[in-house]
Protein chains: 2
Amino acid sequence: MAKSRFRQANLPEACVEQALAIIATDGVEGLSLREVARRLGVSHQAPYKHYPSREHLLAEVVARAFAAFAAHLDARPRRRDPYDDLREMGRAYIGYALAHPLHYRLMFGTPLPEPEAHPAMMRQASHAFALLTDAIVRLGRDDPPAPELDALYVWATMHGLAILSIMKAPALAGARLPAGTMDKAVPHIIGRVRNALLSPAEPGQQDAGARPPARRQKTQAAAAKRSPTTR
Amino acid sequence: MAKSRFRQANLPEACVEQALAIIATDGVEGLSLREVARRLGVSHQAPYKHYPSREHLLAEVVARAFAAFAAHLDARPRRRDPYDDLREMGRAYIGYALAHPLHYRLMFGTPLPEPEAHPAMMRQASHAFALLTDAIVRLGRDDPPAPELDALYVWATMHGLAILSIMKAPALAGARLPAGTMDKAVPHIIGRVRNALLSPAEPGQQDAGARPPARRQKTQAAAAKRSPTTR
DNA sequence: GACCTACAGTTGACGCTGTCTACTACAGGA
DNA sequence: TCCTGTAGTAGACAGCGTCAACTGTAGGTC
């Protein structure tokens, strides 16, 4: 050990720690490799010996954030009843987002640095998602809709709620949201999700678009919207 | 008209247009006042005569993005049945997010420039939210839970789905999501939301401590061991 | 018409950033 | 002993936001 000769025992690790600290106070756009170097008392080029670019350091930081997030979800109080467990999961999810809003935004709110170029980051992300999927699968309902679709549903709802909370949705919604709405929102929405998962998936929800040939009526607008697969 | 003496007929407006164009291709972090000025053939300081800082131009751009978003939602195909109408709303919502991912991210994914400092921006944002709330209220269900809570629920779900779609959730979730999952996700999730809104709001969802009077199936056992750690 | 002021534009400078290049000093193996 | 790789340094460059000072014109007032 002790390969490095100067002041930093482990510069790559120290860079990640400082980057996380900067992001926690200033947000991701406040992160600069020069500031990291300054805080560590090394030259402005030292971090580049370990991270080829700002993006690479950021990818490492995002991976850590995902890992911490997954650990937080994993450390939630466990319940026997799978729906209660899902409720705990939701509470833990929102709790983390509110406790570390800038880290949360880092994971889900910023254009990730080229996901496929940073497999370690993606591995941590998919682990966090796996926790959620497992909680869904554990519901073990008799109607067997694709559990990954419900995992997406729960994930989307949790994430949306987290972001709206962080954004202080009442401000966004103007005077339309009475005071205290956000406090009630988490249990209300988790209850809604529970109801949604309890009621059986009905065929109608596969939607007019998925239904191939029959009854093409006045939905041509939707079809036009769908044709460009993305963007 | 024609107050300006040089090449730009309406520099403030032209700045917003160029900023939107830059964001649509490079994302919000690619926006620079100097690039805007360069594209307009004016000096790098000209935009500052109309926008005191980058933040102020960004706030104007966000306001336009919200206005365009609201217009898109408003232009959706209308349905008599309020649930069908909500479905159209969801489709329009996701359609916009996928068609203009960087503009969508601009609205919901970036730290907004000091919301309370830019009232015009907030006005556009709350208008978009109002469209959603109206669609919820129009459901006119007999159980009258706070409609704003359900509006938040729908908004959160739509937003979460939009972001997960933009982020290409299958990549995030690793190999766990079979191909084609995202295509099925929108109708599936909208169906789930419909189910959630159809089933009555039960008191149990107000928190873990409260009594759920009528469980659907075999999940009663869990209620007994639920501790009052509402956290 | 002469003058003044406000405004919309200009140029130049400052410190910040990421990143390229070149240099240095040490460790470890041949 | 020499060579090579590694982890650090220093300097330079262009691009960024923003501050300051300057310029030229439109419009109103004497």
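The numbers attached to residues start from 1 for each chain and follow its sequence in the written order. Naming scheme: in the order in which they are written, chains are lettered from A and ligands are numbered from 1. Local features in a predicted model are, by the rule used here, given only for residues with pLDDT of at least 70; side-chain atom pairs are given and counted only at 80 or more, and totals for whole chains, interfaces and linings are based on all residues.

**Structural notes on the overall build of chain A**
- In this description a helix means any DSSP run of H or I spanning at least four residues, a strand means any run of E spanning at least two, and both kinds are numbered starting from the N terminus. Broken down by element type, chain A carries 11 helices and zero strands.
- Taken from the N to the C terminus, the helices and strands of chain A come in the order α-α-α-α-α-α-α-α-α-α-α.
- Buried, partly exposed and exposed are defined by the number of other C-beta atoms within 10 Å of a residue's own C-beta, namely 20 or more, between the two limits, and 12 or fewer respectively, with C-beta atoms placed from the backbone. A total of 231 residues make up chain A; the buried ones form 41% of that total.
- Whether two residues are in contact is decided by their C-beta atoms, placed from the backbone, lying within 7 Å. Look at the contacts in chain A between residues 6 or more apart in sequence, and 65% of them connect residues 24 or more apart.

**So, the nonpolar core**
- The term nonpolar core refers to a set of buried Ala, Val, Leu, Ile, Met, Phe, Trp, Tyr and Cys residues connected through C-beta atoms within 7 Å. Counting residues in hydrophobic clusters, the biggest one holds 130 residues, and the most contacted among them are Val62(A), Leu152(A), Val62(B) and Leu152(B).
- Residue contacts for Leu152(B): discarding those within four places in its chain leaves Leu164(A), Ala169(A), Thr181(A), Ala185(A) and Ile189(A).

**Observations concerning the confidence of the model for chain A**
All names here are of chain A.
- Summary statistics for chain A give a mean pLDDT of 80 and a share of 80% for residues scoring 70 or more.
- The least confident element of chain A, judged by mean pLDDT, is helix H11 (residues 220–226) at 36; the most confident is helix H2 (residues 33–40) at 97.
- Segment residues 1–6: pLDDT under 50, and two contacts once partners within four positions in sequence are set aside and those in other chains are kept.
- What pLDDT reports is the predictor's confidence in each residue, on a scale of 0 through 100. A low-confidence stretch, residues 204–231 stays under pLDDT 50, and its non-local contacts, those more than four residues away or across chains, total 22 contacts.

**Some remarks on the environment of Ala67(B)**
Residue and element names in this part refer to chain B.
- With respect to the element layout, Ala67 can be found in helix H3 (residues 54–74).
- Residue class for Ala67 comes out partly exposed when judged on the 17 C-beta atoms lying within 10 Å of it.
- When the C-alpha atoms of Ala67 and Ala19 are compared, they prove to be 15 Å apart, with 48 residues separating the residues in sequence.

**A few points about the packing of H3(B) against helix H4 (residues 82–99) of chain B**
Residues and elements named next belong to chain B.
- Helix axes use the C-alpha atoms of the stretch in contact, all axes being lines fitted to C-alpha atoms, and the angles between their N-to-C directions lie in the range 0 to 180 degrees. Here H3 crosses H4 at 140°, and the two axes come no closer than 9 Å. As for how H3 packs across H4, the hand of that crossing is right-handed. The residues of H4 that touch H3, namely those facing Phe69, His72 and Leu73, are Met89, Ala92, Tyr93 and Tyr96.
- For the contact of H3 with H4, the per-class residue count stands at six nonpolar, one polar and no charged. Whether a crossing is left-handed or right-handed is set by the direction in which the near helix is turned from the far one by less than a right angle, anticlockwise for left-handed and clockwise for right-handed. Throughout, the ten residues Ala, Val, Leu, Ile, Met, Phe, Trp, Tyr, Cys and Pro are labelled nonpolar, Asp, Glu, Lys and Arg are labelled charged, and all others, Gly among them, are labelled polar.

**Brief notes about the environment of Leu40(A)**
- Note that Leu40(A) resides in helix H2.
- Residue classification places Leu40(A) among the partly exposed positions, given that 17 C-beta atoms sit within 10 Å.

**Looking at helix H9 (residues 181–198) of chain A**
All names here are of chain A.
- Taking 1.5 Å per residue as the helical rise, H9 with its 18 residues ought to reach 26 Å, and the 25 Å between its terminal C-alpha atoms agrees with that figure.
- The largest bend in H9 is about 25°, located at Pro187.
- Extensive coverage of H9 is indicated by the burial of 13 of its 18 residues. By definition here, a helix of n residues has an expected span of 1.5 Å times n minus one. To get the bend at a residue, fit one axis to the 7 residues ending there and another to the 7 starting there, then take the angle between the axes.

**Re the environment of Arg76(B)**
Residues and elements named next belong to chain B.
- Summarising the element assignment, Arg76 is placed in the loop between H3 and H4.
- The sequence separation of Arg76 and Tyr93 amounts to 17 residues, and the corresponding C-alpha distance is 9.3 Å.
- Setting aside residues no more than four positions away along its own chain, Arg76 makes contact with Glu88, Met89 and Ala92.

**Topic: the packing of helix H1 (residues 11–26) of chain B against H3(B)**
All names here are of chain B.
- Contact geometry of H1 with H3 gives a least axis separation of 10 Å together with a crossing angle of 75°. In terms of orientation, H1 lies roughly perpendicular with respect to H3. On H3, the residues that touch Cys15, Val16, Ala19, Leu20 and Ile23 of H1 are Leu57, Glu60, Val61 and Arg64.
- Looking at the contact of H1 with H3, its residues break down into seven nonpolar, no polar and two charged. For this classification, under 35 degrees means roughly parallel, over 145 means roughly antiparallel, 65 to 115 means roughly perpendicular, and everything else is oblique.

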